[in-house]
Amino acid sequence: MDIKVPRGTQDILPSETGKWQVVEELIRETCRMYQYKEIRTPIFEHTELFTRSVGDTTDIVQKEMYTFQDRGDRSLTLRPEGTASAVRAFVEHKMFGYPDQPVKLYYMGPMFRYERQQAGRYRQFVQFGIEAIGSADPAIDAEVISLAMSVYQKAGLKKLKLVINSLGDTESRVAHKEALVNHFEPHIAEFCSDCQNRLQKNPLRILDCKVDRNHPLMATAPSLTDYLNEESAAYFEKVKEYLSLLNIPYEVDPNLVRGLDYYNHTAFEIMSTAEGFGAITTLAGGGRYNGLVEELGGPASPGIGFAMSIERLLLAVEAENNKWADLSTLDVYVIGMGEAAKKKAVELTYELRNNEITAEMDYLDRKIKTQMKSADRLKAKLVLVIGDDELEKQSAMLKDLATGEQQLVPFSTLIEQVKISITTQVEAKEQ
Ligand code: ATP
Ligand code: MG
């Protein structure tokens with residue numbers, strides 16, 4: 001038997017999960033600061049949700065979805081992204097009626113796309129994303145972008161680039177679409193079959209094609225910026241003003257189009273400029289989707305959001321050689337020698353843990369020397385040794401592994417003394 005993880009998926013091993021937890025925590029903390037509340041939706045949805053919202057002509061729907069029939073003959077799909085589900089829930093639970101608008105949501109969890117595996121591209125990956133639904137204030141566009149930037153900055157990233165664009169409103173897009181069709185139609189035979197399909201259905205997506213990106217007609221294609229009507233242009237200006245107000249540097253890229261159909265107005269991507277980050281430089285993507293709520297059966301409600309994968313965030317941190325806080329450290333290793341002392345060790349370990357002190361002990365009846373080695377390997381701050389002598393004195397020998405100092409501490413004050421010793425050691429290290 002040779003069973004391995006499916007292609008494109010990975011085990012995140014105990015030596016790695018610490019980083020994940022640090023990132024997840026800083027994300028939740030940031031969302032708390034910005035008042036985005038978590039929403040948890042199912043891992044699978046009716047396939048139609050994604051064909052309707054993400055769009056028939058997108059790579060995701062055409063090539064990347066894990067779609068299956070269940071035993072009741074329904075077509076279901078493992079979610080490839082989070083916005084569709086969040087907006088479905090917004091409509092289904094009539095969140096548009098909540099007294100506090102906009103409704104600000106975040107999600108974090110696995111997404112599934114059938115993609116070619118490479119660094120930063122998996123078939124199962126974890127996305128964190130936010131959605132602010134119910135406001136068309138350009139200030140909230142800036143808030144959404146600033147939250148994403150803030151997460152990366154808190155993760156220690158410095159080599160970041162924010163790229164923004166405006167896709168305009170429906171009127172602007174219709175005018176631009178016409179110009180695009182006129183531009184590409186005479187030479188469409190030189191493009192890939194996907195682009196040929198896109199020409200009539202959604203020519204904007206041609207600009208996002210990965211196969212034909214170097215075709216000369218790409219560089220000369222009509223730019224959206226030139227087709228923005230007055231209202232759309234004014235909206236874009238305000239978004240830029242707010243970003244400047246927050247001191248968030250950005251670049252405008254008139255060719256930035258997002259992969260999903262539902263975007264309009266503001267579109268943005270955050271990239272890593274770190275050397276060695278690899279071919280894929282996009283860390284996060286997002287934008288405004290003012291028609292999506294209506295498309296999914298709700299009242300017209302403007303929305304904006306973004307998504308980022310934790311995998312790419314971690315890769316960027318690695319590319320910048322940043323260090324993570326070590327979550328796996330151990331405060332106390334408890335050693336009991338002899339049967340009676342072992343019982344006391346079990347009791348003490350339990351008590352330490354109940355006092356918010358991380359504690360570990362031996363469960364293999366190993367020699368004291370081997371146990372000391374374990375304590376070293378686990379980077380314990382302190383070791384508590386209890387033998388017959390110590391038991392008789394109702395005390396434990398407390399050893400500071402940083403200084404090597406030892407002291408006999410009565411059980412009655414042990415927890416207190418352990419806390420003091422940990423603080424002393426941590427403070428000494430910080431100096
Ligand atoms: P790309 O152009 O890299 O395929 P995309 O346009 O498909 O990206 P989105 O659908 O906007 O990406 O997803 C938002 C974010 O989710 C991306 O910026 C990236 O951080 C992450 N992401 C997307 N697909 C994957 C994947 N297969 N593996 C890991 N992370 C991913
Ligand atoms: Mg993709």
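Within each chain, residue numbers correspond to sequence positions counted from 1 in written order. Whichever chain is written first becomes A and whichever ligand is written first becomes 1, with later ones labelled in order. With pLDDT at 70 or above as the cut-off, local features in this predicted model cover only qualifying residues; side-chain atom pairs require 80 or more to be listed or tallied, and sums for whole chains, interfaces and linings still use all residues. Hydrogens and water molecules were not included; the side-chain quantities draw on all heavy atoms of the structure.

**Some details on the UniProt feature "binding site: L-histidine" (unreviewed entry) in the protein**
UniProt positions are given in the numbering used here, feature names are shortened, and annotations may be inferred rather than shown by experiment. In the numbering used here, UniProt assigns the feature "binding site: L-histidine" (unreviewed entry) to Glu-81, Gly-82, Thr-83, Arg-113, Gln-127, Glu-131, Arg-258, Tyr-262 and Tyr-263. Of the annotated positions mentioned, Gly-82 line the second largest cavity. Counting from the N terminus, the helices are DSSP H or I runs at least four residues long and the strands are E runs at least two residues long. Residue position: Glu-131 is located in strand E6 (residues 124-133). Residue exposure (1.4 Å probe, protein chains only): buried if accessible area is under 20% of the type maximum, exposed if over 50%, otherwise partly exposed. Classification of Glu-131 as buried rests on a relative accessible area of 0%. Not counting residues up to four positions away in its chain, the partners in contact with Glu-131 are Tyr-36, Gly-82, Thr-83, Ala-86, Val-103, Lys-104, Leu-105, Tyr-107, Tyr-289, Ile-304 and Gly-305. Within polar-contact distance, the side chain of Glu-131 engages the side chain of Thr-83 at 2.8 Å. Residue placement: Arg-258 occurs in the loop between strand E8 (251-252) and strand E9 (264-272). Residues are treated as being in contact if the distance between any of their heavy atoms lies within 4.5 Å. Once residues within four sequence positions are removed from consideration, Arg-258 is found in contact with Arg-205, Asp-208, Tyr-263, Ala-267, Phe-268, Glu-269, Gly-285 and Gly-286. Any residue with an atom within 4 Å of a point lines the site, the site being either a cavity, points on a 1 Å grid over the protein atoms alone where a 1.4 Å probe fits but cannot get out, or a pocket, an open set with protein on both sides within 12 Å along at least 5 of 7 lines. Between N or O atoms, a polar contact is any pair within 3.5 Å; within protein, one atom must be a potential hydrogen donor and the other a potential acceptor, and residues adjacent in sequence are included only when both atoms are from side chains.

**Regarding the site of ligand 1**
By convention in this text, a residue qualifies as near a molecule or strand provided that one of its non-hydrogen atoms is within 4 Å of it. Around ligand 1 sit 17 residues, and of these Arg-113, Glu-115, Arg-121, Arg-258 and Leu-283 come closest. For ligand 1, a nitrogen atom lies 2.9 Å from a polar atom in the side chain of Ser-309. The separation between an oxygen atom of ligand 1 and a polar side-chain atom of Arg-312 is 3.1 Å. When ligand 1 is considered free in solution it has 590 Å² of accessible area, and contact with the protein chains removes 91% of it. Of all the secondary structure elements, the ones that give two or more residues to the shell around ligand 1 are E6, strand E10 (282-288) and strand E11 (303-309). If one sorts the elements of the shell around ligand 1 by residue count, E10 sits on top with four residues. A per-class count over the shell around ligand 1 returns six nonpolar, five polar and six charged. Each accessible area is a Shrake-Rupley result for a 1.4 Å probe, and residues are judged covered by the shown protein chains and nothing else. For this scheme, ten residues count as nonpolar: Ala, Val, Leu, Ile, Met, Phe, Trp, Tyr, Cys and Pro. Four count as charged, namely Asp, Glu, Lys and Arg, and the remainder, Gly too, count as polar.

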